[in-house]
Amino acid sequence: METLAENIIVIEDDLILFEEADEEGPFEEVEDSGLQSDDEYHPDEKARQSNQQVTTRNLQQWALAAASQFPDLEFKASEAWVKIFKRKHRIRQRKITKFVSERETATMEETHAAAEKFRLHTRALIPNYDKDFVLNTDQTGCQYQSTYNRTLAEQGSKVVLVKRKDMCVNKVTHSYTAQYVMTLSGKLLPTVFICLQEANGNFGPRVQKSVDEYAKIYTNVAITSSKSGKLTTALYKDFLIDVMKPYVKEEKFLFLIDSWGGQTNPVLYDEIFTDKGIPTCTIKVIPPKCTPLVQPCDVYFYRQVKNFIKRLQNCAYNIEQDREISSREDCIKIQSLVHHQLSAPICCCMLKYAWFAAKLCDDRTSFMNVI
């Protein structure tokens, strides 16, 4: 787990103390502070190893403790000093992605070791395949209606109300699943797989007719449904047939997947991907809890997808037209548009970077983020 403490550097040769001259005036840099190098003066190391939460106030307290060794030094650890210190060491406040127990913390070394082992094995296999046929896929949950808990209002407002046309809780709290496939060469497969949430698990006759019409218009989307909005093994098999098979055909390919039990059975792939009876798919299963470290889709790609969707769901045009994007048709349109845009050649380097960020290749080229 990454915390703010990972970015804090307080070491003997790099600790800089500033003597404040005035509120906005210059600061005198005090070098060669002569601080000891034991753990007492490396609070960042201790905090990082124990995954402690670190605040700006902690930085000030540590700095004051270090400065107390020098009685003649007038050092206040002011807000101005903190601002300069954080800028110099590239420290930013970050959202905590997960709270972990002490037991989970103890297993992190094992997780990193498993991830590194997976990287070594996968990098050894990749040269045996064309880059167009080294594939990674993952499922990502998308909200029907994107919401933010904050809005602009007059200063001092005590009650802030936001109108919603459709107050159905499911639109806000529930999600549907989208599944993309990306290649090591920086391409997306021609179709994105969408699993919408339906109360009975299946589309009714009238809804099915509408969905079929949408599928004819938005040809880069394959649409299905389930009661939970998530894939089952049967639906995953449909994904392999509808999305994967038309692309790989009889070519040999390397397929990186996570450890979800519904997709790790090798027999499932041997039945679908064959060339004259010989299996053509080699699967590499990412170890549990390692997907944030080594899965290209998770490491970088889906962040771009979700940022794109949020921009579409929360734009000034929707406010002007008094329109909300939350219907079944809206979800299909959004995924079709996002897939079409991210399939453009200009996004190729961005897709390649996802593999580099997962440390599965060494190729890195400059590019601009989607958002």
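First, a word on scope: everything that follows refers to the structure included in this document. Because the structure is a prediction, the values reported are computed rather than measured.

1. Some thoughts on the overall build of the chain
Counting its regular elements, the chain contains 14 helices and 10 strands. If you take every contact in the chain between residues at least 6 apart in sequence, the share linking residues at least 24 apart comes to 77%. Carbon and sulfur atoms make up 49% of the accessible area of the chain, which amounts to about 22200 Å² in all.

2. Notes on the nonpolar core
If you look at the biggest cluster of nonpolar residues, it comprises 49 residues, and the most contacted ones within it are Y180, L196, F301 and L342. In terms of residue count, the dominant contributor to this core is helix α11 (residues 296-313) (eight residues). Apart from the residues within four sequence positions on either side, L342 is in contact with L188, F301, V305, F308, C347, M350, L351 and V370. Grouped together as the second largest cluster of nonpolar side chains are 23 residues, L135, F239, L240 and F273 included.

3. Details of the environment of F203
As for its position among the elements, F203 is in the loop between β5 (192-197) and α7 (205-217). Every residue in contact with F203, bar those within four places of it in the chain, is listed here: L196, E198, Q208, V211, I223, T224, S225 and R328.

4. Some thoughts on the side chain of R119
Take R119: it is sitting in helix α5 (residues 108-125). Polar contacts involving the side chain of R119 include one to the main-chain carbonyl oxygen of L293, which spans 3.1 Å. In contact with R119, other than residues within four places in its own chain, are L293, V294, A358, K359 and L360.

5. Details of the state of the cysteines
Scanning the model with the defined rule gives zero disulfides in all. Summary of cysteine pairing: C142 is not part of a disulfide, and the nearest cysteine sulfur, belonging to C331, is at 8.3 Å.

6. Observations concerning the environment of A358
Its place among the elements puts A358 in the segment after α14 (348-357). The exposure class assigned to A358 is buried, which follows from its relative accessible area of 0%. C-alpha of A358 to C-alpha of R119: the two residues are 239 residues apart in sequence and 8.5 Å apart in space.

7. Remarks on the environment of P296
On the secondary structure map, P296 appears in helix α11. Sequence separation of P296 and A354 is 58 residues, and the distance between their C-alpha atoms is 4.8 Å.

8. As for the packing of aromatic side chains
Aromatic ring pairs are reported here in terms of the distance separating the ring centres and the angle at which the planes meet. Across all of its chains, the model carries 17 aromatic pairs by this definition. Between Y180 and F301 the ring centres are 5.6 Å apart and the planes differ by 70°, which places this aromatic pair in the edge-to-face class. With Y180 in strand β4 (residues 175-183) and F301 in helix α11, this residue pair connects regions lying 121 residues apart in the sequence. Accessibility assignment for this pair places Y180 and F301 in one class, buried. Every member of this aromatic cluster is reached through a ring pair, and the members are F193, Y236, F239, F253, F255, W260, Y269 and F273.

9. Section: the pattern of salt bridges
Applying the stated criterion across every chain yields a total of seven salt bridges. Two residues, E116 and R119, come together in a salt bridge whose shortest N-O distance is 3.1 Å. One end of the pair is E116 and the other is R119, both in helix α5 and three residues apart, which spans about a single turn. Given a relative accessible area of 38%, E116 falls into the partly exposed group.

10. Re unusual backbone geometry
Residues other than glycine seldom take positive phi values, yet R90 does so here, at roughly 55°. Here R90 lies in the loop between α3 (79-88) and α4 (102-106). Its identity is not glycine, yet K249 carries a phi of approximately 50°, on the positive side. Within the secondary structure layout, K249 lies in the loop between α8 (233-248) and β7 (253-257).

11. Observations concerning the sheet that holds β5
Two orientations exist for strands paired in a sheet by backbone hydrogen bonds: parallel and antiparallel. Pairing is mixed in the open sheet, where six strands are placed in the order β6-β5-β4-β3-β7-β10. Because the sheet does not close on itself, it has two edges, and the strands there are β6 (221-226) and β10 (281-285). The average angle at which neighbouring strand axes cross in this sheet is 25°, direction not considered. Where strand β3 (residues 134-143) meets β4, nine bridges bridge the pair, whose relative direction is antiparallel.

The rules behind these values
Residues numbered from 1 in each chain as written. Predicted model: local features only at pLDDT ≥ 70, side-chain atom pairs only at ≥ 80, totals over all residues. Heavy atoms only, no water. Helix = DSSP H or I, 4+ residues; strand = E, 2+ residues; numbered from the N terminus. Contact = heavy atoms within 4.5 Å. Areas by Shrake-Rupley, 256 points an atom, 1.4 Å probe, with all protein chains shown as cover. Core = buried A, V, L, I, M, F, W, Y, C linked by side-chain atoms within 4.5 Å. Buried < 20%, exposed > 50% of the residue type's maximum accessible area, 1.4 Å probe, protein only. Polar contact = N/O pair within 3.5 Å; in protein donor to acceptor, adjacent residues only side chain to side chain. Disulfide = S-S within 2.5 Å. Phe/Tyr/Trp six-rings, centres within 6.5 Å; stacked < 30°, edge-to-face > 60°. Salt bridge = Lys/Arg side-chain N within 4 Å of Asp/Glu carboxyl O. Pairing = 2+ DSSP bridges. Axes fitted to C-alpha atoms, helices over the stretch in contact; angles between N-to-C directions.

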